[in-house]
Amino acid sequence: MKVIVVGGMSDPCHMRGYMHYRRLLTVEGEIASLQFLRAYFSCCADSLPHLGVPSVPVTLAGPYLNKIISQEGYDVVLIENYLPHDQVQLEQELLTGRDNVVVISTSFYFSCVQVNEIMLQVRKTCPSAFIIMGGIFVWKSYKIKLAVDAGEYSDEVVRLLISMCSEGEGRVYSPFFNPQAHCLADALIINPGGTRALLTLLQSLKNHTDWHSMGSVAYPSDRGLVINQILDEPIASPFVEWAEYQNRPPVCLPVYAGHGCNLNCAFCEFRNVIPTSKVDSIEEILEKVSHIPVVNGRRYVAFTNDNLFQNKQQAVQLCKALVESNMNISWTAYQRVWIVDEELAEWMRLSGCIEIWAGVESGNRDILRAMGKPPHPEQTLHSLRLLSMKGINTLSFFICGFPGETRETVRETVDMINNYYTEGPGVCFFKIFTFGLVPLSLAFSMDFRHKHNLTGCLHAWETPTMNFLEAVELTEWMYTQVKDTVIPHNDDMSELSVAPGSLRHFREACLTRHQLAKIKNKQSTPTHEEEQQLWEKLKFHCLNLS
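The structure displayed is predicted, hence computed values, not measured ones.

On to the sheet that holds strand β17 (residues 428–434). Strand order across the open sheet formed by 7 strands is β10-β13-β14-β15-β16-β17-β20, with parallel pairing between neighbours. Looking at which strands have only one partner, the edges of the open sheet turn out to be β10 (252–255) and β20 (486–488). Taken over all neighbouring pairs, the strand axes of this sheet differ in orientation by 25 degrees on average, direction set aside. In the sheet, strand β14 (residues 329–334) pairs with strand β15 (residues 353–361) via 4 bridges, with the strands oriented parallel. Considered in β15, the bridge of tyrosine 334 is made with tryptophan 357. Against the sheet, helix α15 (residues 377–389) contacts β15, β16 (393–400) and β17, and its axis sits at roughly 150 degrees relative to β16. Running at roughly 165 degrees to β17, helix α18 (residues 468–481) makes contact with β16, β17 and β20 of the sheet.

If you want it as structure tokens, here you go:
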């Protein structure tokens with residue numbers, strides 16, 4: 001029996017139509033990552049098509065499933081982050097295998113449309129293949145079913161949700177609560193952990209025994225999905241020995257240092273998807289980091305927690321431990337930026353922090369309170385300034401259109417961004433999302449809807465002050481109003497692996513690339529000579545990166 005593991009990651013090429021990606025510089029039709037530009041300026045034409053695809057982060061799900069399934073003695077093939085160019089490999093594996101089982105991890109897919117595309121390809125190539133689908137996307141859809149069954153959402157909201165899913169909105173897997181929807185998988189693992197259930201199911205398939213009453217498993221029938229009892233199973237702490245990894249790993253690798261988030265932001269469903277939160281011990285984190293391969297004298301780590309640091313004390317302790325480990329780490333993580341003061345910023349610098357991802361969300365105090373975020377934008381500005389002065393890059397996330405948003409509150413957010421300290425040496429990046437009304441979030445609840453006179457679902461909502469389409473227009477407007485020294489993020493993980501000695505070149509390359517992107521988008525009209533000077537400047541700094 002061959003087991004083909006398909007890891008989940010939304011295709012970055014699908015996202016190029018989004019307004020954020022339209023703000024980025026492209027060269028010969030490719031998003032211009034610094035890695036791409038170095039090859040381009042070096043005249044390495046043969047490598048350009050590959051380098052032009054943004055370097056998506058390695059997710060732990062695929063490699064971890066590959067590890068635990070292989071340990072049980074199965075013949076395993078891993079397709080790490082399924083992208084369009086992986087279609088040929090999947091077809092070849094299906095055609096050369098017998099008794100194929102395809103295991104799809106959905107944890108980093110944000111649309112069932114892409115998952116269905118994979119399953120349709122499997123069905124077309126090898127109709128007899130057995131498809132197992134699991135991961136957080138599946139678990140979240142099951143949780144939505146529970147909310148629907150419990151009457152937590154009105155009939156109108158449920159009808160709208162089903163309608164939008166059937167029209168390709170795809171943020172949830174509708175067969176859970178829509179009997180008319182067709183499930184392409186043979187079995188689904190319904191568990192926030194799920195590895196134990198998966199291995200038990202694979203054993204049953206191998207032995208040709210009946211699995212239909214197995215716990216934490218669902219399967220399609222003429223009556224819709226049959227869902228068996230959900231068994232208690234601990235959430236695994238994925239760990240991969242990267243040095244022994246069968247594929248050559250990229251430079252920046254993930255470390256799973258805990259799960260869940262103990263915040264309860266009103267726009268986010270994470271707290272309801274996995275109610276518990278845990279940060280691994282310092283000893284556990286250091287053990288995982290020690291297995292990250294050394295590249296050019298350093299270990300490049302992306303901590304995957306929704307919030308790595310619960311408080312300042314814990315943050316300082318971890319940073320000190322990273323320093324004392326002498327493992328030469330460069331790391332990045334999601335972080336509550338408002339806990340950063342001078343002491344913590346210095347320990348972060350000493351421990352090798354290169355970039356922090358922060359949910360800033362808004363510059364308006366009332367919007368922040370409604371979101372459940374600390375209403376102190378001035379503290380956020382101060383913390384971001386400290387990080388930048390220490391040479392730590394920051395990526396700030398914002399939301400436009402949260403209930404209560406007006407043109408005035410949007411202007412306050414733009415004013416806040418334009419008050420960022422941008423003298424360096426750190427680089428200030430940003431990304432703006434239009435508010436989406438997602439199931440399982442606090443904002444989706446009937447109480448919140450009544451309080452804010454909020455109607456609709458997903459990307460079709462309305463409040464007394466704004467609707468989704470107006471919020472989209474304002475999001476576009478925000479991008480045009482942010483000052484030149486705060487830069488749209490390129491979403492390319494290869495840019496996290498710049499050597500410390502190249503930070504000046506990295507900063508200047510990012511700023512110059514942004515200037516050229518603004519010219520491309522007709523937000524700037526320099527002379528031909530000035531534009532050529534910018535290209536020469538970009539070339540100089542890219543070729544001096546290491």
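A separate point is the packing of aromatic side chains. Tallied over the full model, the rule gives 18 aromatic pairs. Here the aromatic rings of tyrosine 142 and phenylalanine 176 are separated by 6.4 Å at their centres, their planes lie at 65 degrees, and the arrangement is edge-to-face. Here phenylalanine 176 lies in the loop between α8 (155–166) and β7 (187–189) and tyrosine 142 lies in helix α7 (residues 136–149), a separation of 34 residues in the sequence. Assigned by exposure class, tyrosine 142 and phenylalanine 176 land together as buried. Their ring planes at 85 degrees and their centres at 5.6 Å tell us that tryptophan 211 and tyrosine 219 sit as a pair that is edge-to-face. Residue tryptophan 211 shares its accessibility class with tyrosine 219, and that shared class is buried. Three or more aromatic residues joined by ring pairs form one cluster here, namely Phe402, Phe435, Phe448, Trp461 and Phe468. The aromatic ring of tyrosine 74 is capped on one face by lysine 206, whose charged end is 5.3 Å from the ring centroid. Between arginine 449 and the ring centre of phenylalanine 444, over which it is positioned, the NZ or CZ distance is 4.5 Å.

This part covers the confidence of the model for the protein. Reading fine detail from the predicted coordinates is not recommended where pLDDT is low. Taken as a whole, the protein shows an average pLDDT of 88; of its residues, 93% reach a score of 70 or greater. Note on residues 12–17: pLDDT under 50 across the span, and 17 contacts to partners over four residues away in sequence or across chains. Below pLDDT 50 for its whole length, residues 45–54 participates in 22 contacts with residues either more than four positions away or in separate chains.

Here we take up the sheet that holds strand β8 (residues 217–221). Taken together, the 7 strands give an open sheet; going across it, the order is β4-β1-β5-β6-β7-β8-β9, and neighbouring strands pair in mixed fashion. Looking along the sheet, the strands with just one partner apiece sit at the ends: β4 (75–79) and β9 (224–227). Within this sheet the neighbouring strands show an average axis-to-axis angle of 25 degrees, counted without direction. As paired elements, strand β1 (residues 2–6) and β4 share 5 bridges and run parallel to each other. Looking at the pairing, valine 3 lines up with valine 76 of β4. Sheet strands in contact with helix α9 (residues 195–207) are β1, β5 (101–105), β6 (130–134) and β7, and its direction is about 170 degrees off that of β6.

Tracing the sequence through the fold places threonine 332 in strand β14. When its relative accessible area of 0% is taken as the criterion, threonine 332 is described as buried. Excluding its chain neighbours within four sequence positions, the residues that come into contact with threonine 332 are Val301, Ala302, Phe303, Glu355, Ile356, Trp357 and Leu496.

Further remarks concern α9. Helical geometry: 3.6 residues make up each α-helical turn, so side chains three or four residues apart lie on a common side. In this model, α9 (13 residues) spans 18 Å end to end at C-alpha, consistent with the 18 Å of a helix rising 1.5 Å per residue. Of all the residues in α9, the buried ones are Thr195, Ala197, Leu198, Leu201, Leu202, Ser204 and Leu205. Each element contacted by the buried residues of α9 is listed here: β1, α4 (61–71), β5, β6 and β7. Looking at the residues trailing α9, positive phi occurs at histidine 208, about 60 degrees.

Conventions used here
Residues numbered from 1 in each chain as written. Predicted model: local features only at pLDDT ≥ 70, side-chain atom pairs only at ≥ 80, totals over all residues. Heavy atoms only, no water. Pairing = 2+ DSSP bridges. Helix = DSSP H or I, 4+ residues; strand = E, 2+ residues; numbered from the N terminus. Axes fitted to C-alpha atoms, helices over the stretch in contact; angles between N-to-C directions. Contact = heavy atoms within 4.5 Å. Phe/Tyr/Trp six-rings, centres within 6.5 Å; stacked < 30°, edge-to-face > 60°. Buried < 20%, exposed > 50% of the residue type's maximum accessible area, 1.4 Å probe, protein only. Lys NZ or Arg CZ within 6 Å of the ring centre and 35° of its normal. pLDDT = per-residue confidence, 0-100. Expected span 1.5 Å × (residues − 1).

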